[in-house]
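A structural walkthrough
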Amino acid sequence: MTKLERLEKIDPQLIHIPCGDGNILISNTLQGRIMAEIKGELIHRFEADLAENPDPDNFNNLGGNSLWPAPEGGDFAFNYPPNGDWYVQDGINKCQTAVIEKGENFILIGKEFELLNRKGNTLKVTLRRRVECAVSGKYGVEALRYRTFETLTLAEPCPLDKGVISAWSLEQLPGAAGITGFGRCTKGAEAGINTDFYGDPLVRMSFKGEWFRFDLGGPNRLQIGISSAAAPEFIGSFDPARGIAVLRWTPCRKDGKYINFADNDQKNGAFSAADQFSIFNGSEELNFHELETLAPMTLDASGSVTGSELESETLILKGENQKIIEILTGVFKVPAEFFC
């Protein structure tokens, strides 16, 4: 049984939205995760064994595209209780989503839940994910392009000294070794990279003007953030073992305030980083990577947090490696030496 067939068995109500050369898949049973398939092959990472037998006491990292509340670490962390170790709260890990509205080429799902932050304050949150098929160009390979509009809305405005929240989308994909991550920052790539995560990712990076290359793999987890101040255009990854490239976009929003979303001490506070994108490189044991988009917080007239709004777009290309490289270098102008 393929992973797609196992997913459909786990969630008989799995939503299929035809898109390009495949389908967008949305699972309310699996907390509103989004996945994509082209000709029966799941593009996203999917841990079918864990989905069939979830751990009732710990986080079930199943893969797919999931929406998270940031920050993970720091004084206002959602992944650290006031006294305790890293965890994922039930509102994210266990609470299912439900269909709110459905059209021919889109779905709107959502849920309501509570989050406790490290300060000890509880935030009541309404989550919404609108997923729709987007128009894709004719690239000469199999392609699928979809768009998401996602919101985390607080029931009551939260003063900045009580809590912060940012919408954070993780596109989790199989593998790390041999995969090339890349991106473009229109104000210069090298100065726009935030390395305050795990280890030293710079040893696996190279730069060419507006462009950066991040060689994924290696024994350790690594991560980079791409600052909104660098005016990043998009990020992506190319996996030659699977013949798959994935690109992601999110606009820089000027109507909010970016935060430090990361799982670190945030010694300079919640506003010490303002990343718009991130790429996560899993260790050899984890064997996955993530292309992440981040949104700023929305504030009311008093400066209190009201929520966060995130718009993202994902393009998946599947085909012969040489043809995909020609598309990346010809259409999207990624430097050819990144794929030598």
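These lines cover the structure that appears in this document, whether it is placed above or below. As the structure is a prediction and not an experimental result, all values here were calculated from the model.

**So, the overall build of the protein**
- From N to C terminus, the protein includes four helices and 21 strands.
- Taking 340 residues into account, the globule formula puts the C-alpha radius of gyration at 20 Å, and the protein, at 19 Å, falls close to it.
- With respect to the principal axes defined by its C-alpha atoms, the protein has extents near 50 × 45 × 35 Å.
- A buried classification covers 57% of the 340 residues belonging to the protein.
- Accessible area for the protein stands at about 14100 Å²; split by element, carbon and sulfur atoms hold 46% of it.
- Of the charged side chains in the protein, 34 are positive and 47 negative; the average position of the first set lies 3 Å away from that of the second.

**Here's the deal with empty space enclosed by the protein**
- Under the definition given, this model contains three cavities of 30 Å³ or more.
- In this structure, the largest cavity spans a volume of roughly 130 Å³.
- Every residue lining the largest cavity is counted, 14 residues in all, and those nearest its centre are Gln-31, Ser-66, Leu-67, Ile-92 and Lys-111.
- Among the secondary structure elements, those contributing two or more residues to the lining of the largest cavity are strand 5 (64-70), helix 3 (90-93) and strand 8 (122-133).

**Observations concerning the side chain of Thr-148**
- On the secondary structure map, Thr-148 appears in strand 9 (residues 142-158).
- Looking at Thr-148, the relative accessible area reads 1%, which means it is buried.
- Non-local contacts of Thr-148, meaning those with residues more than four positions away in its chain, are made with Ile-34, Arg-130, Val-131, Leu-310, Glu-311 and Ser-312.

**Brief notes about the state of the cysteines**
- Inspection of every chain in the model, using the stated rule, returns zero disulfides.
- You can see Cys-252 has no disulfide; the closest cysteine sulfur is in Cys-185, sitting 11 Å from it.

**Points about the environment of Lys-138**
- In this structure, Lys-138 sits in the loop between strand 8 and strand 9.
- Lys-138 sits in the exposed class, given a relative accessible area of 85%.
- Separated by 118 residues in the primary sequence, Lys-138 and Gly-20 have C-alpha atoms spaced 9.8 Å apart.

**Some details on helix 1 (residues 3-10)**
- Those residues of helix 1 not exposed but buried are Leu-4, Arg-6 and Leu-7. The buried side chains of helix 1 occupy one side of the element, clustering within an arc of 160° when seen end-on.
- Buried residues in helix 1 make contact with strand 2 (22-27), strand 3 (33-38), strand 4 (41-42) and helix 2 (48-52).

**Brief notes about the packing of aromatic side chains**
- Enumeration according to the criterion identifies 13 aromatic pairs in this entry.
- Taking 6.2 Å as the distance between ring centres and 65° as the angle between the ring planes, the aromatic pair formed by Phe-59 and Trp-86 counts as edge-to-face. With Phe-59 in the loop between helix 2 and strand 5 and Trp-86 in the loop between strand 5 and helix 3, this residue pair connects regions lying 27 residues apart in the sequence.
- A residue is classified by how much of its surface remains accessible, and Trp-86, at 36% relative accessible area, is partly exposed.
- Geometry around Trp-249 places Arg-145 over its ring, the cationic atom sitting 4.4 Å from the centre.
- A cation over an aromatic ring shows up here: Arg-221 above the ring of Tyr-198, its NZ or CZ 5.6 Å from the ring centre.

**Points about the layout of surface pockets**
- Of the voids in this model, the largest pocket is the one considered here, and its volume is about 460 Å³.
- Lining of the largest pocket is provided by 26 residues; of these, Asn-61, Glu-72, Trp-86, Phe-288 and Glu-290 occupy positions nearest its centre.
- For the lining of the largest pocket, the secondary structure elements donating two or more residues are strand 5, strand 10 (166-174) and strand 19 (288-294).
- The residue inventory of the lining of the largest pocket, partitioned by class, reads twelve nonpolar, seven polar and seven charged.

The rules behind these values
- Residues numbered from 1 in each chain as written.
- Predicted model: local features only at pLDDT ≥ 70, side-chain atom pairs only at ≥ 80, totals over all residues.
- Heavy atoms only, no water.
- Helix = DSSP H or I, 4+ residues; strand = E, 2+ residues; numbered from the N terminus.
- Rg over C-alpha atoms; globule rule 2.2 N^0.38 Å.
- Buried < 20%, exposed > 50% of the residue type's maximum accessible area, 1.4 Å probe, protein only.
- Areas by Shrake-Rupley, 256 points an atom, 1.4 Å probe, with all protein chains shown as cover.
- Lys, Arg positive; Asp, Glu negative; His and termini not counted.
- Charge placed at Lys NZ, Arg CZ, Asp CG, Glu CD.
- 1 Å grid on protein atoms, 1.4 Å probe; cavity = no way out; pocket = protein on both sides within 12 Å on 5 of 7 lines; lining within 4 Å.
- Points joined across faces, edges and corners; volume = space filled by probe spheres on them.
- Contact = heavy atoms within 4.5 Å.
- Disulfide = S-S within 2.5 Å.
- Arc of directions from axis to C-beta.
- Phe/Tyr/Trp six-rings, centres within 6.5 Å; stacked < 30°, edge-to-face > 60°.
- Lys NZ or Arg CZ within 6 Å of the ring centre and 35° of its normal.
- Nonpolar A, V, L, I, M, F, W, Y, C, P; charged D, E, K, R; others polar.

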